[in-house]
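Listed here are the chains, written in short residue letters.
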Amino acid sequence: MSSRKIGTRRKIVGGNWKMNTTIDGAVDLAQEVVRRLGNTRNVEVVLCPPFPNLEAVYRVIAGTGLQLGGQNLFWEDYGAYTGEVSAPMLTAAGCEWVIVGHSERRHIMGESNEMVNRKLHAALHHDLSVMLAIGETKEERHAGAMERVLRVQLEQSLERIDAGAMDRIVIAYEPVWAIGTGETATPAQAREAHAFVRTVLGELFGQEVAEATRIQYGGSVTAANAAELMGEPEIDGALVGGASLKPDDFAEIVRAAGGGRAILG
Ligand code: 13P
């Protein structure tokens with residue numbers, strides 16, 4: 001794998017606000033993020049507020065270079081699916097991105113890889129880019145099953161996806177044991193998992209696509225540990241939960257992803 005190719009993967013940092021903001025708080029938070037990171041050029045930044053906040057946040061970030069993402073979607077476009085939100089609704093609200101397969105959806109809402117795959121196809125069909133989240137539980141890691149779990153999640157979630165679509169998919173490696181726990185993966189653990197993910201992507205889509213695909217790390221990323229994690233050549237950015245609710249910390253993480261600075265344009 002040549003370092004030149006690694007260098008061409010632009011870092012991407014997502015802020016997954018989860019179910020933590022009502023509309024006023026979301027607008028305030030977006031304004032604070034824009035103040036610190038508006039027009040960041042060297043790192044792609046995607047804010048993912050709860051559905052009812054999307055349009056309001058879009059109005060704050062439109063034209064700043066910051067992008068909007070949904071936290072989930074349903075695979076049908078319209079119809080009698082009470083409580084669900086579709087890809088056309090997300091794009092109409094200003095989204096360019098959507099998170100698919102987050103572990104909280106897999107483990108709390110019972111989403112299977114097959115459901116994740118249907119969501120992925122729906123998102124791509126409507127020109128949404130996807131942060132596809134995968135990751136093993138603590139029990140799986142301790143049982144030596146990490147690679148098997150990641151492989152199955154990748155193979156089944158990416159079924160019938162063309163290699164040509166992989167430039168609109170970012171893999172978010174989020175070990176479940178690291179999410180919201182304060183127990184961050186060490187850079188070595190993340191490096192090892194990312195390298196394995198890239199190997200599987202190579203088997204599925206070929207080496208060139210695997211080397212071009214971005215792999216984010218997520219799980220207790222903070223302003224304090226971001227520089228070390230983002231310094232790993234295999235780590236192409238972060239998907240941030242708790243720290244994305246603190247504008248100073250989130251800006252610090254984006255700066256770390258940019259090699260110590262956020263270049264404003
Ligand atoms: P924390 O950063 O709060 O651990 O959450 C990570 C995450 O789930 C991002 O999607």
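In case you missed it, the structure is sitting above this.
As the structure is a prediction and not an experimental result, all values here were calculated from the model.

1. Regarding the site of the ligand
Within the structure, the ligand sits among 13 residues, and K18, H102, G180, S220 and G242 are positioned closest to it. Here an oxygen atom of the ligand sits 3.0 Å away from a polar atom, N or O, in the side chain of N16. One of the side-chain N or O atoms of H102 is found 2.7 Å from an oxygen atom in the ligand. Here the ligand, which alone exposes 300 Å², has 94% of that area covered by the protein. Taken together, the residues of the shell around the ligand break down into 4 nonpolar, 7 polar and 2 charged.

2. Topic: the packing of helix 2 (residues 23-37) against helix 3 (residues 54-61)
The contact between helix 2 and helix 3 brings their axes to 9 Å, and the two run at 25°. Considering their axes alone, helix 2 and helix 3 lie roughly parallel with respect to each other. Here helix 2 runs over helix 3; the crossing is right-handed. Residues I23, A26, V27, A30, Q31 and V34 of helix 2 pack against A56, V57, V60 and I61 of helix 3. Among the residues making up the contact of helix 2 with helix 3, the classes are represented as 9 nonpolar, 1 polar and no charged.

3. Side note on the pattern of salt bridges
Pairs can form between side chains of opposite charge whenever their charged atoms are close. A complete count under the given rule lists 17 salt bridges for this structure. Between E44 and R214 there is a salt bridge, with the nearest N and O atoms lying 2.8 Å from each other. One end of the pair, E44, is in strand 2 (residues 44-48); the other, R214, is in the loop between helix 10 (207-212) and strand 7 (215-218), with 170 residues separating them in the sequence. Here E44 and R214 have matching classes, each one buried. Residues participating in the shared-partner salt-bridge network are R9, R198, E234 and D236.

Analysis parameters
Residues numbered from 1 in each chain as written. Predicted model: local features only at pLDDT ≥ 70, side-chain atom pairs only at ≥ 80, totals over all residues. Heavy atoms only, no water. Near = heavy atom within 4 Å. Polar contact = N/O pair within 3.5 Å; in protein donor to acceptor, adjacent residues only side chain to side chain. Areas by Shrake-Rupley, 256 points an atom, 1.4 Å probe, with all protein chains shown as cover. Nonpolar A, V, L, I, M, F, W, Y, C, P; charged D, E, K, R; others polar. Axes fitted to C-alpha atoms, helices over the stretch in contact; angles between N-to-C directions. Helix = DSSP H or I, 4+ residues; strand = E, 2+ residues; numbered from the N terminus. Parallel < 35°, antiparallel > 145°, perpendicular 65-115°, else oblique. Left-handed = near helix turned anticlockwise from the far one by under 90°. Contact = heavy atoms within 4.5 Å. Salt bridge = Lys/Arg side-chain N within 4 Å of Asp/Glu carboxyl O. Buried < 20%, exposed > 50% of the residue type's maximum accessible area, 1.4 Å probe, protein only.

Geometric values such as these leave the question of function open.
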